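Report on the structure
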Amino acid sequence: MSQVLRTQLEQGAQALKLELTSAQIDLLMSFMDLLQKWNKVYNLTSVRDPQEMLTHHLLDSLTAVPALLRHVDTLPVAEGGRLPLLDVGSGGGLPGVVFAICCPQIDVNCVDTVGKKAAFIQQVAASLRLPNLHGIHDRVENLKSRYPVISCRAFASLLDFTTWSRQALAEGGIWFAMKGKHPDEEIAALPADVQVFHVEPLRVPGLDAERCVIWLNLK
Ligand SMILES: C[S@@+](CC[C@H](N)C(=O)[O-])C[C@H]1O[C@@H](n2cnc3c(N)ncnc32)[C@H](O)[C@@H]1O
């Protein structure tokens, strides 16, 4: 990836007030390289242009990191332990890999029904030496473990997301759904015991588009 894209990434991180080390910027750039390389073989994302990959995938996912960190910082985590997070329908690792790189205090588990996508995540974890990143090949509905935070991006309606991942939500846990426009109709379709407790608008550096995070929990 070019120096121009790296500079754009650094400027984007600064605009988001994310204090990333140059090692983390290197890892994000290497992730983009791996995504570009293996996309040709595995068909991980329809986005192929490197510039578009930077703004629509990397910076878009990065925009959710400050919101996630604000929440995580309020939770008790065992000494030396990491907070488990499940990223549902992670595909080529968005936002899961970005979260794993930017938040070493989080243990990121990316689940996808497509075996080659889960295998790609395992490959990214090994290549980039990320001990806090794991690929799981399964349907989210089948998972037996429980997670205090469950995220998704471009996955499904809020109703399907919360219904399919409900058994994987730890007691007192939260869902973190990355969405485009405020999804009024999806919110209206939620069952009575699932509540939206916060909607956070996001601005992606270099992208003129509506984005938000929907925070949900069980009543
Ligand atoms: C549109 S892609 C989004 C990928 C990625 N989150 C992104 O933002 O680019 C949705 C992904 O969800 C996966 N998926 C669909 N149903 C699933 C299920 N029940 N459990 C786990 N993954 C699922 C698909 O295989 C696909 O990779």
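Fair warning: this is a prediction, and the values are worked out from it, not measured in the lab.

Considering the UniProt feature "binding site: S-adenosyl-L-methionine" (unreviewed entry) in the chain
The sites that carry the UniProt feature "binding site: S-adenosyl-L-methionine" (unreviewed entry) are, in the present numbering, Gly 89, Leu 94, Val 140, Glu 141 and Arg 153. Along the polypeptide, Glu 141 turns up in the loop between β3 (133-137) and β4 (147-153). You can call Glu 141 partly exposed: its relative accessible area is 30%. Residue contacts for Glu 141: discarding those within four places in its chain leaves Trp 164 and Gln 167. For Arg 153, the residues in contact, after removing those within four places along its chain, are His 56, His 57, Asp 60, Ser 61, Gly 89, Leu 94, Pro 95 and Met 178.

Digging into the site of the ligand
Near the ligand lie 15 residues; those nearest to it are Gly 89, Leu 94, Asp 112, Glu 141 and Arg 153. The separation between an oxygen atom of the ligand and a polar side-chain atom of Lys 117 is 3.0 Å. Coverage of the ligand by the protein chains reaches 78% of its 610 Å² of free accessible surface. Its residues assigned to classes, the shell around the ligand shows five nonpolar, four polar and six charged.

So, the pattern of salt bridges
For the coordinates displayed, the defined rule picks out eight salt bridges. Across the salt bridge formed by Arg 70 and Glu 200, the nearest N and O atoms sit 2.2 Å from each other. Of this pair, Arg 70 sits in helix α4 (residues 65-72) while Glu 200 sits in strand β6 (residues 194-202), placing them 130 residues apart in sequence. For Glu 200, a relative accessible area of 11% puts it in the buried group.

Focus: the packing of helix α2 (residues 22-42) against helix α6 (residues 115-127)
It is the contact of α2 with α6, at a shortest axis distance of 11 Å, that shows an interaxial angle of 150°. For the pair α2 and α6, the sense of crossing is right-handed. Two secondary-structure elements touch here, α2 through Phe 31, Leu 34, Leu 35, Trp 38 and Tyr 42 and α6 through Lys 116, Phe 120, Gln 123, Val 124 and Ser 127. A breakdown of the residues in the contact of α2 with α6 according to their chemical character gives seven nonpolar, two polar and one charged.

Here's the deal with the sheet that holds β6
Ordered by their spatial adjacency, seven strands build an open sheet running β3-β2-β1-β4-β5-β7-β6, and the pairing between neighbours is mixed. This sheet does not close on itself; its edge strands, each paired only once, are β3 and β6. The mean angle between the axes of side-by-side strands here comes to 20°, regardless of whether they run parallel or antiparallel. Alignment of strand β1 (residues 83-88) against strand β2 (residues 106-112), held across six bridges, turns out to be parallel. Bridge assignment links Asp 87 to a residue of β2, and that residue is Cys 110. With respect to the sheet, helix α7 (residues 158-165) is in contact with β1, β4, β5 (169-179), β6 and β7 (211-218), its orientation differing from that of β5 by roughly 150°.

A few points about unusual backbone geometry
Across residues other than glycine, the phi torsion is negative in most instances, and most of the peptide bonds are trans. Following Leu 94, the chain continues into Pro 95 via a peptide bond in cis, with omega recorded as 5°. In this structure, Lys 17 takes a positive phi of about 60° despite not being glycine. Locating Lys 17 in the fold gives a position in the loop between α1 (3-15) and α2. Of the residues examined, Lys 17 reaches a relative accessible area of 74% and is grouped as exposed. In this structure, Ala 154 is a non-glycine residue whose phi angle is positive, near 50°. Along the chain, Ala 154 turns up in the loop between β4 and α7. For Ala 154, a relative accessible area of 73% gives the class exposed.

Cut-offs applied
- Residues numbered from 1 in each chain as written.
- Predicted model: local features only at pLDDT ≥ 70, side-chain atom pairs only at ≥ 80, totals over all residues.
- Heavy atoms only, no water.
- UniProt positions renumbered as here; feature names shortened; annotations may be inferred.
- Helix = DSSP H or I, 4+ residues; strand = E, 2+ residues; numbered from the N terminus.
- Buried < 20%, exposed > 50% of the residue type's maximum accessible area, 1.4 Å probe, protein only.
- Contact = heavy atoms within 4.5 Å.
- Near = heavy atom within 4 Å.
- Polar contact = N/O pair within 3.5 Å; in protein donor to acceptor, adjacent residues only side chain to side chain.
- Areas by Shrake-Rupley, 256 points an atom, 1.4 Å probe, with all protein chains shown as cover.
- Nonpolar A, V, L, I, M, F, W, Y, C, P; charged D, E, K, R; others polar.
- Salt bridge = Lys/Arg side-chain N within 4 Å of Asp/Glu carboxyl O.
- Axes fitted to C-alpha atoms, helices over the stretch in contact; angles between N-to-C directions.
- Left-handed = near helix turned anticlockwise from the far one by under 90°.
- Pairing = 2+ DSSP bridges.

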